[in-house]
Amino acid sequence: MVKDRRLAFARLRETEDALSRADGRNDAIGGYDRAAYEFHVSHVLAELGDLPGSIQALQRSNRARPANERQGRVHANGVLATRQWQLGHLEAACVTWETFLDDYAALSTARGDEHFAALRAHVKAQPRTRVVRQLGERVQAVARQKAAA
């Protein structure tokens, strides 16, 4: 976050080395695994202006994330879709937003709510794009579902 590229990558190398020496067990609270590491790599890359690299790291994070970590997946997919959108990859962003909605519809999470608000703003900003229009229909359905709950 302080834009020191050399220090950021040095710390990431140290973290990756420590992760490779770990015994593979991940505590339920406070555990640090490959998904968390790649998520942090994505933030470093985004802060350094490497949006494509950040997106790739988030995709690696999602592949490494256990299926039962729905809240983490909601947050990661919200970040990923936002970055894809920023890069102009609307179709990829819409696919990621759909995955986000699959989990978000069943969860109550403040971070998820923040991402959902960003999603609604994205949909509103691109109303004439077919893929975004279709996503907007799903967003409305999830909003109605959440309001009724």
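Now for a description of the structure that goes with this document. From a predicted model like this one, the values you see are computed outputs, not experimental measurements.

For helix α4 (residues 70–86), which comprises 17 residues, the first-to-last C-alpha distance of 24 Å matches the rise-based estimate of 24 Å (1.5 Å per residue) to within 8%. Among the 17 residues that make up α4, 13 are buried, leaving the element largely enclosed by the rest of the structure.

What follows concerns the pattern of salt bridges. Scanning all chains against the criterion turns up seven salt bridges. As a salt-bridge pair, Arg70 and Asp103 come within 3.4 Å of each other at their nearest N and O atoms. Of this pair, Arg70 sits in helix α4 while Asp103 sits in helix α5 (residues 90–104), and the two are 33 residues apart along the sequence. Take Asp103: its relative accessible area is 7%, and that puts it in the buried class. Here Asp103 and Arg73 are joined by a salt bridge, their closest N and O atoms 2.6 Å apart. Placement of Asp103 in helix α5 and of Arg73 in helix α4 is noted, with a sequence separation of 30 residues between them. As far as the burial class goes, Asp103 and Arg73 line up, both buried. Connected through shared salt-bridge partners, Arg34, Glu38 and Arg60 make up one network.

Thresholds, definitions, all that
Residues numbered from 1 in each chain as written. Predicted model: local features only at pLDDT ≥ 70, side-chain atom pairs only at ≥ 80, totals over all residues. Heavy atoms only, no water. Helix = DSSP H or I, 4+ residues; strand = E, 2+ residues; numbered from the N terminus. Expected span 1.5 Å × (residues − 1). Buried < 20%, exposed > 50% of the residue type's maximum accessible area, 1.4 Å probe, protein only. Salt bridge = Lys/Arg side-chain N within 4 Å of Asp/Glu carboxyl O.

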